[in-house]
Amino acid sequence: MIFILTGAGISQESGIPTFRDAGGLWEGENVEDVATPRGFARNPDRVLDFYNARRRNLLDPAVAPNAAHQALARLEAAVAARGGEVLLVTQNVDNLHERAGSKNLLHMHGEMLKARCQLCGEVMRWEGDLTRQSVCPSCAGPGRLRPHIVWFEEMPLYMPEIEQALNRCRLFVSVGTSGNVYPAAGFVSLARRAGADTLELNLERSLGASRFRDGRYGKASAIVPAWVDEVLGGQ
Ligand code: APR
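In short, a report on the structure. Everything quoted here is computed from the prediction, not taken from an experiment.

### Some points on the site of the ligand
Okay, so step 1: Residues in contact with the ligand amount to 23 residues; listed here are only the nearest, A8, Q12, R20, T177 and S178.
Okay, so step 2: One nitrogen or oxygen atom from the side chain of R20 is found 2.7 Å from an oxygen atom belonging to the ligand.
Okay, so step 3: A distance of 2.7 Å separates an oxygen atom of the ligand from a polar atom in the side chain of S178.
Okay, so step 4: Taking 740 Å² as the accessible area of the ligand by itself, protein coverage stands at 95%.
Okay, so step 5: For the shell around the ligand, the per-class residue count stands at 7 nonpolar, 11 polar and 5 charged.

### Here's the deal with the sheet that holds strand β5 (residues 123–125)
Okay, so step 1: Judged by pairing direction, the sheet is antiparallel, and its 3 strands sit side by side in the order β5-β4-β6 without closing on themselves. Only two strands of the sheet have a single partner each, and these edge strands are β5 and β6 (145–149). The mean inter-strand angle of the sheet, taken between neighbouring strand axes irrespective of direction, is 45 degrees.
Okay, so step 2: Bridge count between strand β4 (residues 110–117) and β5: 3 bridges; the pairing is antiparallel. Its bridge partner lying in β5, K114 is registered against R125.
Okay, so step 3: In this fold helix α3 (residues 44–58) packs onto β4 and β6, with an angle of close to 135 degrees to the strand it touches most, β4.

Definitions and cut-offs
- Residues numbered from 1 in each chain as written.
- Predicted model: local features only at pLDDT ≥ 70, side-chain atom pairs only at ≥ 80, totals over all residues.
- Heavy atoms only, no water.
- Near = heavy atom within 4 Å.
- Polar contact = N/O pair within 3.5 Å; in protein donor to acceptor, adjacent residues only side chain to side chain.
- Areas by Shrake-Rupley, 256 points an atom, 1.4 Å probe, with all protein chains shown as cover.
- Nonpolar A, V, L, I, M, F, W, Y, C, P; charged D, E, K, R; others polar.
- Pairing = 2+ DSSP bridges.
- Helix = DSSP H or I, 4+ residues; strand = E, 2+ residues; numbered from the N terminus.
- Axes fitted to C-alpha atoms, helices over the stretch in contact; angles between N-to-C directions.
- Contact = heavy atoms within 4.5 Å.

Set out below in structure tokens:
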């Protein structure tokens, strides 16, 4: 099984800002205020507005999957056709992997186009702005909807499935992530311990670069399709 981890770098060329590059989302924002449960409790409108702006950016017709997203979807289909498996675990909350055709996909940090009701726990598709007046369509509870996003200090989603997959993957590939945030930044070490080969595809060496056996550097829209072509034997 091939385990692929993606981060914001794979969506950068699609027009979605990364977090820690120049001009990134955390520049000029206080993470504490907009991406933590405490920040949401302290000033829900500030947090809801931050995610409303990011949701609108994602729904901009100009934002679409790029060649890197498409190459990963092609890899999954071609490997499945040979009876193999590609699992794509993304830290990204955009829907570009789905739109490119990836199916075996886990969003470990949640999804921008979903909301979660804090009263009944329902997770639902939500494309409009989310406000404190938004009503849960499931329990009709008023003003208790939040973005279905994993904030700092919250547990990422699907960790049991992810750890199980890391133990059985033969190849671990990381694409477009800086290696700043755990547990994702530690996945390469778990995969190595399980005997997997490891490859980093990124614009520049990440914080975890030395843990990978191999690394290729450049824009994702160029280096990811080139790598997929190599894996598929140029098919
Ligand atoms: N092609 C390839 N890599 C790129 C490109 C590109 N066009 N542009 C940027 N990168 C790389 C950067 O070099 C950097 O290493 O993508 C990485 C982006 O790093 P971050 O901005 O830190 O994003 P990410 O690693 O996904 O952040 C992880 O942190 O804030 C939390 O929950 C948030 O999921 C996010 C997590």
